[in-house]
Amino acid sequence: MSNRTLSLDDRTYEYLLSVSVDETDLLRELRAETAGDKFSVMQISPEQGQFMALLVKLTGAKRVLEIGTFTGYSSICIASALPDDGELVCCDDSDEWTSMARKYWKKAGLQDKIKLRLQAASITLQQLLDDSLAGTFDFIFVDADKQNYPLYYEQSLRLLRRGGLLAVDNTLWSGSVADPENMQPGTRAIRRFNEMVKNDNRVTKSLVPIGDGLTLIVKDFE
Ligand code: CA
């Protein structure tokens, strides 16, 4: 028994996957195709995809925003868990990666549920705010360039409805955030983001050590 989060050895990790993850053949195929990309480590893990689908259902989310789509794994997990009238807006600036995502959205029959905005996410978020969509999103997933995390945090909080959920990925950054000698720009940005969340009394938060660290934040204000 342990009173802190267990570190998983390979055997325990495989066991966890075998008893709790329903990865579809399509998602497995997408994982295999993405594995050929040198940035494949950016794809979320299957157990995290499962967890995100659970979060979508748990919150009853209908309008979801994803910041950082890559080749589409998380967007498929999210969109598949949405009700028929649900909508997912995806932000990414890579035509190459999102062309793979689009191919799989079509295969999954999700192309009408997902709207891609192909440009810098900070611009899209500002456009959504300018279109008076503040307070209209139920769930936002942030998994994009780490240096903009503090900016995405502020913009996302405005776009979320009160009681909405913000999930931010890579907040443990392979443990580098806890290494005071690591002063890489990405590490410093995530540290800054983690401090912002810690000191923000307007939200309820929990850093869940799944994948590379996933911080869950509920917006407690209007
Ligand atoms: Ca990530």
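Here the structure is shown first, and the text comes after it.
Residues numbered from 1 in each chain as written. Predicted model: local features only at pLDDT ≥ 70, side-chain atom pairs only at ≥ 80, totals over all residues. Heavy atoms only, no water.

*Asks:* I would appreciate a short explanation of the coordination of the calcium ion in the present structure.
*Replies:* Geometry reference: four tetrahedral donors at a metal, ideal angle 109.5 degrees. Six octahedral donors, ideal angles 90 or 180 degrees. Summarising the metal site, the calcium ion is bound by the protein donors Asp143 (OD), Asp143 (OD), Asp169 (OD) and Asn170 (OD1), whose distances to it range over 2.3 to 2.7 Å. Sequence spacing among the residues donating to the calcium ion works out to D-x25-D-N. (Donors = N, O, S within 2.8 Å, 3.2 Å for Na, K, Ca; no water.)

*Asks:* Could you clarify how one ought to interpret the nonpolar core in this entry?
*Replies:* Considering soluble globular proteins, one finds that nonpolar side chains tend to be buried as a cluster. In terms of nonpolar packing, the biggest core is built from 31 residues, with Leu88 and Phe139 touching the most fellow members. Those elements that provide at least two residues to this core are helix H2 (25-34), helix H3 (46-59), helix H4 (73-81), strand E2 (87-92), helix H5 (95-107), strand E4 (137-142), strand E5 (160-169) and strand E7 (214-219). The element best represented in this core is H4, accounting for six residues. Dropping the residues within four chain positions of it, leucine 88 is found in contact with Val64, Leu65, Glu66, Ser75, Ile78, Ala79, Leu82, Lys113, Ile114 and Lys115. Grouped together as the second largest cluster of nonpolar side chains are 26 residues, Val89, Leu125, Ile140 and Tyr149 included. (Core = buried A, V, L, I, M, F, W, Y, C linked by side-chain atoms within 4.5 Å. Buried < 20%, exposed > 50% of the residue type's maximum accessible area, 1.4 Å probe, protein only. Helix = DSSP H or I, 4+ residues; strand = E, 2+ residues; numbered from the N terminus. Contact = heavy atoms within 4.5 Å.)

*Asks:* Would you take a moment to explain the packing of helix H7 (residues 149-159) against helix H8 (residues 185-198) for this structure?
*Replies:* Any two packed helices are characterised by how steeply their axes cross, that is the angle between the axes, and by the distance between the axes. Between H7 and H8, whose axes approach to 8 Å, the crossing angle comes to 35°. Here Tyr149, Pro150, Tyr153 and Glu154 of H7 lie close against H8, whose contacting residues are Ala189, Ile190, Arg192, Phe193, Met196 and Val197. In terms of residue class, the contact of H7 with H8 is built from eight nonpolar, no polar and two charged. (Axes fitted to C-alpha atoms, helices over the stretch in contact; angles between N-to-C directions. Nonpolar A, V, L, I, M, F, W, Y, C, P; charged D, E, K, R; others polar.)

*Asks:* Even after reading the chapter, I still don't get the packing of aromatic side chains, so can you show me in this structure?
*Replies:* Centre-to-centre distance and the angle between the planes together describe a pair of aromatic rings. Tallied over the full model, the rule gives four aromatic pairs. When the ring of phenylalanine 70 is compared with that of tryptophan 97, the centres are 4.8 Å apart and the planes differ by 75°; the resulting orientation is edge-to-face. Taken together, the residues span a long stretch of sequence, with phenylalanine 70 in the loop between strand E1 (63-67) and H4 and tryptophan 97 in helix H5 at a distance of 27 residues. Using a relative accessible area of 6% as the deciding quantity, one classes phenylalanine 70 as buried. Given the relative accessible area of 19%, tryptophan 97 is considered buried. When the centroid spacing of 5.4 Å and the interplanar angle of 85° are considered together, the rings of tyrosine 153 and phenylalanine 193 count as edge-to-face. (Phe/Tyr/Trp six-rings, centres within 6.5 Å; stacked < 30°, edge-to-face > 60°.)

*Asks:* Which parts of the structure should I look at to understand the sheet that holds E2?
*Replies:* Backbone-to-backbone hydrogen bonds pair the strands of a sheet. The strands run either parallel or antiparallel. On the basis of which strands lie adjacent, the open sheet formed by seven strands has the order E3-E2-E1-E4-E5-E7-E6 and mixed pairing. Edge strands, defined here as strands with exactly one partner in the open sheet, are strand E3 (114-118) and strand E6 (203-208). This sheet shows a mean twist of 15° between the axes of neighbouring strands, independent of strand direction. On the sheet, H7 packs against E1, E4, E5, E6 and E7 and is oriented at approximately 155° with respect to E5. (Pairing = 2+ DSSP bridges.)

*Asks:* Before we go on, may I ask you to explain the side chain of glutamine 43 in this structure?
*Replies:* If you trace the backbone, glutamine 43 turns up in the loop between H2 and H3. For glutamine 43, the side chain forms a polar contact with the side chain of threonine 34, separated by 3.4 Å. In contact with glutamine 43, not counting residues within four places along its chain, are Leu30, Arg31, Thr34, Phe70, Thr71 and Tyr73. (Polar contact = N/O pair within 3.5 Å; in protein donor to acceptor, adjacent residues only side chain to side chain.)

*Asks:* What exactly am I supposed to notice about the environment of glutamine 147 here?
*Replies:* The residue glutamine 147 is located in the loop between E4 and H7 in this model. Linking glutamine 147 and arginine 192, residues 45 residues apart in sequence, is a C-alpha distance of 9.5 Å. Discounting residues that sit within four places of it in the chain, glutamine 147 has contacts with Pro185, Gly186 and Ala189.

*Asks:* What's the story with the pattern of salt bridges in this structure? I'm lost.
*Replies:* Pairs can form between side chains of opposite charge whenever their charged atoms are close. Counted according to the given criterion, the structure contains 12 salt bridges. Between arginine 31 and glutamate 23 there is a salt bridge, with the nearest N and O atoms lying 3.0 Å from each other. Look at arginine 31 and you get partly exposed, because its relative accessible area is 23%. In the salt-bridge network here, residues are joined through shared partners; they are Glu23, Asp25, Arg28 and Arg31. (Salt bridge = Lys/Arg side-chain N within 4 Å of Asp/Glu carboxyl O.)

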